[in-house]
Amino acid sequence: MDSPIDFRALVESASDLVLVVSLDGNVEYVNRAWLDAMGYTPDEAMALTVDEIMTPDSSEAYWEAIQAIRGGATMMSLDVRMLTKSGEVLILEGNLFPRVEEGQVVGVQGIYHDISARRLAEEEARRSHARTEFLLDLMTHDLMNINQEVLSTFELLLRHGGLTDDMRVIVREGVAEVDRATKLIGKMKKLIHIETSPPVPKVLDLGDVLFSVAAEIESEFPDKTLDLRTELQRGQVTVLADEYLSDVFRGLLHNSMKYDPSDTVRVDVNVRRMPRTPFVRVEVSDYGPGIADERKESVFARLSDITDRKESVLGLGIGLALVRTIVEHYGGQIHVEDRVPGDHTKGARFVLLLRTATTGAGGTQ
Amino acid sequence: MMARVFIVDDDRFIHKVLERILSFAGHTVVGHAYNGKEAVEQFLQIRPPPDIVLMDHRMPLMNGLDATREILQMNPSAAIIFVSADETVSEEATEAGAKCFLTKPIRSNTLFDVIRKYAPEAVTEAAPG
């Protein structure tokens with residue numbers, strides 16, 4: 001029975017390129033898409049050989065493919081570079097099959113998809129990424145050196161006996177600014193690192209991380225006390241994370257300490273396993289000024305979002321952008337809501353879903 | 001008596017500020033090198049050997065890791081302290097034999113504490129501070 005499909009018409013009208021060559025490398029058939037892409041007329045095409053339409057490196061690979069196909073093999077996703085009539089290079093991805101007549105392999109038929117644009121975009125993205133990383137690395141490294149020089153100069157001034165009290169205050173402010181710049185550079189480096197070459201997650205104790213960070217944060221605010229209230233204990237809950245998990249809690253607790261004007265800053269941390277899910281839910285609630293609805297999303301601006309918004313870097317800081325990037329890298333989620341629903345002025349509640357390191361459903365941890 | 005310190009860094013201003021800070025605390029800078037190769041060559045010439053080597057990492061001709069390995073091969077008891085902005089080499093630095101790794105920018109008190117810790121025989125009195 002005749003096939004209901006007109007294969008010739010199908011191939012002729014395909015948008016992918018079809019090329020059939022004999023085992024000695026002569027072109028035997030090309031479809032309309034191939035002619036259009038390569039710029040040859042049908043007669044010209046029929047006079048071509050593999051060596052004339054492939055770049056030298058692709059020609060070599062193609063001849064190897066012909067040898068394999070002669071033995072009956074098929075080749076999937078073979079990358080080849082063909083040279084158009086005007087000399088441009090097309091990057092193609094092809095699937096190659098043997099052409100069989102009377103039980104004998106007599107040629108190679110291939111269908112190719114033009115991936116030139118995709119490859120060029122990938123190469124440009126790779127180059128751009130490498131350039132950005134190089135420049136960022138160079139800049140942050142040199143900025144840290146400059147910070148060292150400024151910091152040491154300020155410290156020398158502070159150690160100098162002749163400085164007046166007023167001048168001492170000014171110099172201390174300078175030291176604080178150097179610290180701020182150092183932290184900002186550190187956060188930028190972490191953001192870039194997580195987005196480009198993230199570490200492999202490992203099993204971490206949530207309590208260890210939280211309590212270590214809380215102690216560090218309290219020492220950063222000598223005039224304030226952190227009143228951390230939680231039922232979480234060390235050794236109770238483990239999550240899949242990495243060394244950046246401490247930056248998550250550092251970012252959240254630092255914000256609470258910074259924006260809550262009270263001398264004693266209360267922060268509640270509630271942790272519970274979510275049954276039938278791979279997540280642990282962590283709620284970090286503070287009693288500070290809260291976050292207005294219109295800012296709830298923008299405080300988490302991603303690196304790609306903040307590149308156009310200088311005020312994000314200089315004003316809001318990138319602390320919460322870093323927090324979001326880290327949590328999402330773990331396959332988790334973060335969002336912020338009002339601690340008291342409907343009244344943002346009573347404080348913020350950050351809700352995190354972190355991946356638990358233990359399997360199986362469980363109750364409250 | 002305070003420590004005799006050898007500074008290795010390709011940034012000349014770093015030499016200047018570190019020397020000022022160290023001198024303020026009574027320590028003596030006994031040598032300056034601006035790349036790892038110079039550091040290895042000079043280390044041999046400083047007599048007696050320095051109590052402490054402050055070693056940067058990213059430098060021309062030879063980096064801090066290689067210089068550390070070579071110096072420690074010549075003198076296994078050398079006390080080398082890494083002072084670098086490149087945290088990515090902190091583990092390698094300690095594996096190479098550095099006593100510790102300090103990330104720039106460092107506070108002067110941190111530097112004095114580390115010198116006290118790794119050159120206790122040289123530091124016989126408390127640095128001002």
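Conventions used here
Once a new chain begins, its residue numbering starts again from 1 and follows that chain's sequence as written. Lettering for chains starts from A, numbering for ligands starts from 1, and both go in the order in which the items are written. Only residues with pLDDT of at least 70 get local features here, since the model is predicted, and only at 80 or more are side-chain atom pairs given and counted; chain-wide, interface and lining totals rely on the full set of residues. Excluding hydrogens and water, the side-chain values take into account all heavy atoms of the structure. The way it works is that DSSP assigns letters per residue, a run of H or I at least four long becomes a helix, a run of E at least two long becomes a strand, and they are numbered from the N terminus. Using a 1.4 Å probe on the protein chains alone, a residue whose accessible area is under 20% of its type maximum counts as buried, one over 50% counts as exposed, and one in between counts as partly exposed. By definition in these notes, contact holds between two residues if any of their heavy atoms fall within 4.5 Å. Note: domain ranges come from an automatic or database domain assignment. In these notes, a set of buried Ala, Val, Leu, Ile, Met, Phe, Trp, Tyr and Cys residues joined through side-chain atoms within 4.5 Å is what counts as a nonpolar core. Fitted lines through C-alpha atoms serve as axes, helices being fitted only where they are in contact, and the angles separating the N-to-C directions of these axes extend from 0 to 180 degrees. Any angle from 65 to 115 degrees is called roughly perpendicular, while one under 35 is roughly parallel, one over 145 is roughly antiparallel, and all others are oblique. By definition, any crossing whose near helix is turned counterclockwise from its far helix by less than a right angle is left-handed, and any crossing with a clockwise turn is right-handed. Each residue gets one label: Ala, Val, Leu, Ile, Met, Phe, Trp, Tyr, Cys and Pro are nonpolar, Asp, Glu, Lys and Arg are charged, and the others, such as Gly, are polar.

J.: Would you take a moment to explain the overall build of chain B for this structure?
T.: Looking only at helices and strands, one finds 5 helices and 5 strands in chain B. Over its C-alpha atoms, taken along the principal directions, chain B stretches across nearly 35 × 30 × 25 Å. When each of the 129 residues of chain B is scored for burial, the buried share is 54%. For chain B, restricting intrachain contacts to residue pairs at least 6 apart in sequence, the fraction spanning at least 24 positions comes to 62%.

J.: Would you explain the domain arrangement of chain A in this entry?
T.: How big an interface is tends to be stated in terms of accessible area lost as the parts join. Along its sequence, chain A is organised into domain 1 (7-114), domain 2 (117-197) and domain 3 (199-365). In this structure, domain 1 of chain A and domain 2 of chain A have C-alpha centres spaced 54 Å apart.

J.: When you look at the nonpolar core in this model, what are you seeing that I'm missing?
T.: Looking at soluble globular proteins, one finds that nonpolar side chains tend to be buried together. Residues and elements named next belong to chain A. Ranked by size, the top nonpolar core spans 44 residues in total, and within it L206, L245, V282, F350 and L352 carry the most contacts. Sequence-distant contacts of F350, defined by excluding residues within four places in its chain, comprise L252, V282, E283, V284, I291, F300, L320, H335 and V336. Y40, M54, Y62 and I69 belong to the second-largest nonpolar core, a separate cluster that totals 29 residues.

J.: Please clarify how the packing of helix α9 (residues 245-259) of chain A against helix α12 (residues 319-329) of chain A should be interpreted in this entry.
T.: Axes are the key here: two packed helices are described by the angle between their axes and the distance separating the axes. Residues and elements named next belong to chain A. Following both chains from N to C, one finds α9 and α12 inclined at 150°, their axes separated by 9 Å at the closest point. If you check the angle between α9 and α12, you find them roughly antiparallel. The two elements α9 and α12 meet at a crossing, and its hand is left-handed. Every residue of α12 that contacts α9 at D247, V248, G251, L252 and N255 is listed here: L320, L322, V323, I326 and V327. Among the residues making up the contact of α9 with α12, the classes are represented as 7 nonpolar, 2 polar and 1 charged.

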